[in-house]
Amino acid sequence: MIELKSVHKSFGANAVLRGVDLTVPSGESMVIIGGSRKGKNVLLKCILGLIHPDSGTITLDGQDVEKAARDAFLARFGMLFQGGALFDSLPVWQNVAFRLLRGLKKRPKAEAREIAIEKLRRVGLKPEVADLFPAELSGGMQKRVGLARAIAAEPEIIFFDEPTTGLDPIMAGVINELIREIVVEMGATAMTITHDMTSVRAIADKVAMLHGGKVRWTGRIQEMDATSDPYVQQFIHGRAEGPIESVR
Amino acid sequence: MSLATPLAHLGRTVLGGLAATGRFALFCLDTLAHVLRPPFYLREFLYACLQIGWLSLPVVGLTAVFTGAALALQIYAGGARFSAESVVPSIVAIGMTRELGPVLGGLMVAARVASSIAAEIGTMKVTEQVDALVTLSTNPMKYLTVPRVLAATMTVPVLVGVGDVIGIMGGWLVGVNRLDFNSASYLKNTWDFLEFWDVGSGLVKGAAFGFIVAVMGCYHGMNSGRGAQGVGRATKSAVVGASVLILAANYLLTEAFFSA
């Protein structure tokens, strides 16, 4: 279980997180929604230790993430980045098997390649893709490779950062389905940040809305449409009018 | 505008400069600390040796041959004023090995390598590849910085050594073909005059310059701003910073090695 208590983070005068309280139960898929530049990405990076919060605590299964042994802690995570973040200098299979070729989960090269090809197959890519370089792939294929890399070492927790940004609706649907299938199949805890409501409905067990640096609303996906919270209603229906300021 | 405004601006600039110097010094110390601690990425180190050392050879070689040739012409013209044309082989040799070989070699490597390292790591930073490394339990300092810094520190002295030989040969070509020196006596004069420390000091300078080039490239890449403009600025700062530091370090090392 991931638990955030009163997490604050500012960049200069810009207070991005102003006391975030959030609980992500094990084995559930939590989706964080909210407008652009509202701190969703910062929140995810705080949990991973890529950014250090100014105050507050973040615990994973009761252990403070700031005090956890770094390698063992990160070995429990997989992450799909918004732009894929594939390493340009490595072929696709070495991207997927990156963690299996070094560090705590190191395997022999042939075995790592075999696992990489299996994971590529799992995300709908043919084995021939394995020896291509990321620059030779389309945006959708890069997302799939990123997804294969995120699940290659079978992590307990997977983070998805805007998984459908920049994809056409059909490819976005495919990625959403893949994410849902994989999370259920692996029994992983998932945390996704997105403002794509189709993704939210496809992926989420629970939804939390981040606004004004705090979690404005949280509940199960089935409760989202019925909530009377005007912020959530404005956001999920994409209305220009409402309590959330929109620049015209 | 009050009098305090330019003073405040000056103060901010000085404080900013001091803070940047401190951050850079800490980055150097952090790099050195990581050099000594595993894991070590041999494949990345060898790849960096190829990129920094081997592929810089043409540009360093061409710079050296033309510099040696021009130096021979200048020393000959200058020496003629004192009827001392015969010093051409020895002055070319000492000039190349002590100063021009390491400094020009270092500057050419700075232009080629610091820019490329800063652009590569800067692009990795803005496309979240550096963050991805962390989430894959890989320390970016160990994976990106240490192999490049080690490779540059070890290969630039070799480049300087090769550049010294090529530069001296450039002087010899001009000496023999344009200035009517006898080939054998030109080479004998060069060999007899050179001392071990003339060459050794240049190689030590080469190692220091290699370290500077790679650390500046990595530092500015790791601290690159967002977007194409951020990466462009990081690249420019890496080349300018490395070039200035090389010239400053050259003076300090020369003082340390040769001042009476």
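The model shown is predicted, which means the values in this text are computed figures rather than measured ones.

On the chain A side, the residues contacting the 17 residues of chain B number 24 residues. Around 1600 Å² of area is buried between chain B and chain A when both sides are counted, 57% of it from carbon and sulfur atoms. In terms of surface lost to chain A, no three residues of chain B exceed E128, T135 and L136 of chain B, which account for 36% of the buried area on that side. Run the count over chain B and chain A and you get two salt bridges. Where K45 of chain A meets D131 of chain B, a salt bridge forms, and the shortest distance between an N and an O atom there is 3.0 Å. In this structure, the connection of chain B to chain A is made through five residue pairs in polar contact (both at pLDDT 80 or more). Listing elements by their share of the side of chain B that touches chain A, those giving two or more residues are α2 (42-52) and α5 (129-135) of chain B. Here the side of chain B that touches chain A is composed, by residue class, of seven nonpolar, five polar and five charged.

Applying the stated criterion to the full structure yields 20 salt bridges over all chains. The shortest N-O distance in the salt bridge between R201 of chain A and D225 of chain A comes to 2.9 Å. Here R201 of chain A, found in helix α7 (residues 197-203), pairs with D225 of chain A, found in the loop between α8 (221-224) and α9 (230-237); they are 24 residues apart in sequence, far enough to count as distant. Given the relative accessible area of 39%, D225 of chain A is considered partly exposed. In this structure, D192 of chain B engages K188 of chain B in a salt bridge whose closest nitrogen and oxygen atoms are separated by 2.6 Å.

For the coordinates displayed, the defined rule picks out eleven aromatic pairs over all chains. Ring geometry for F77 of chain A and F159 of chain A: centres 5.2 Å apart, planes at 70°, overall edge-to-face. Placement of the pair is F77 of chain A in strand β6 (residues 77-80) and F159 of chain A in strand β7 (residues 157-161), with a sequence separation of 82 residues. Side by side, F77 of chain A and F159 of chain A carry an identical accessibility label, which is buried. Relative to Y219 of chain B, the ring of F27 of chain B lies with its centre 5.4 Å away and its plane at 70°, an arrangement referred to as edge-to-face. Placement of the pair is F27 of chain B in helix α1 (residues 4-35) and Y219 of chain B in helix α8 (residues 196-222), with a sequence separation of 192 residues. Linked through ring pairs, F87 and F98 of chain A together with Y41 and Y143 of chain B together constitute an aromatic cluster. Just above the ring of F11 of chain A sits the side chain of K9 of chain A; from NZ or CZ to the centre is 5.2 Å.

Moving on, we come to α2 of chain B. For an α-helix, the turn length of 3.6 residues means that residues three or four places apart are oriented alike. All names here are of chain B. Every buried residue of α2 is listed here: E44, F45, A48, C49 and I52. The buried residues of α2 occupy an angular sector of 145° when projected down its axis, which confines them to one face. Buried positions along α2 lie against α4 (88-126) and α6 (140-177).

As a further point, take the side chain of D229 of chain A. Considering the arrangement of structural elements, one finds D229 of chain A in the loop between α8 and α9. Polar side-chain contacts of D229 of chain A include one of 3.1 Å to the side chain of R216 of chain A.

It is worth spelling out the packing of α8 of chain B against helix α9 (residues 227-258) of chain B at this point. Residues and elements named next belong to chain B. Look at α8 against α9: their axes get within 9 Å of each other, and the N-to-C directions meet at 155°. The angle between α8 and α9 places the two elements in the roughly antiparallel class. When you trace α8 past α9, the crossing you get is right-handed. For the contact of α8 with α9, the per-class residue count stands at 16 nonpolar, seven polar and one charged.

Rules used in this analysis
- Residues numbered from 1 in each chain as written.
- Chains lettered and ligands numbered in written order.
- Predicted model: local features only at pLDDT ≥ 70, side-chain atom pairs only at ≥ 80, totals over all residues.
- Heavy atoms only, no water.
- Contact = heavy atoms within 4.5 Å.
- Buried area = accessible area lost by both parts, 1.4 Å probe.
- Salt bridge = Lys/Arg side-chain N within 4 Å of Asp/Glu carboxyl O.
- Polar contact = N/O pair within 3.5 Å; in protein donor to acceptor, adjacent residues only side chain to side chain.
- Helix = DSSP H or I, 4+ residues; strand = E, 2+ residues; numbered from the N terminus.
- Nonpolar A, V, L, I, M, F, W, Y, C, P; charged D, E, K, R; others polar.
- Buried < 20%, exposed > 50% of the residue type's maximum accessible area, 1.4 Å probe, protein only.
- Phe/Tyr/Trp six-rings, centres within 6.5 Å; stacked < 30°, edge-to-face > 60°.
- Lys NZ or Arg CZ within 6 Å of the ring centre and 35° of its normal.
- Arc of directions from axis to C-beta.
- Axes fitted to C-alpha atoms, helices over the stretch in contact; angles between N-to-C directions.
- Parallel < 35°, antiparallel > 145°, perpendicular 65-115°, else oblique.
- Left-handed = near helix turned anticlockwise from the far one by under 90°.

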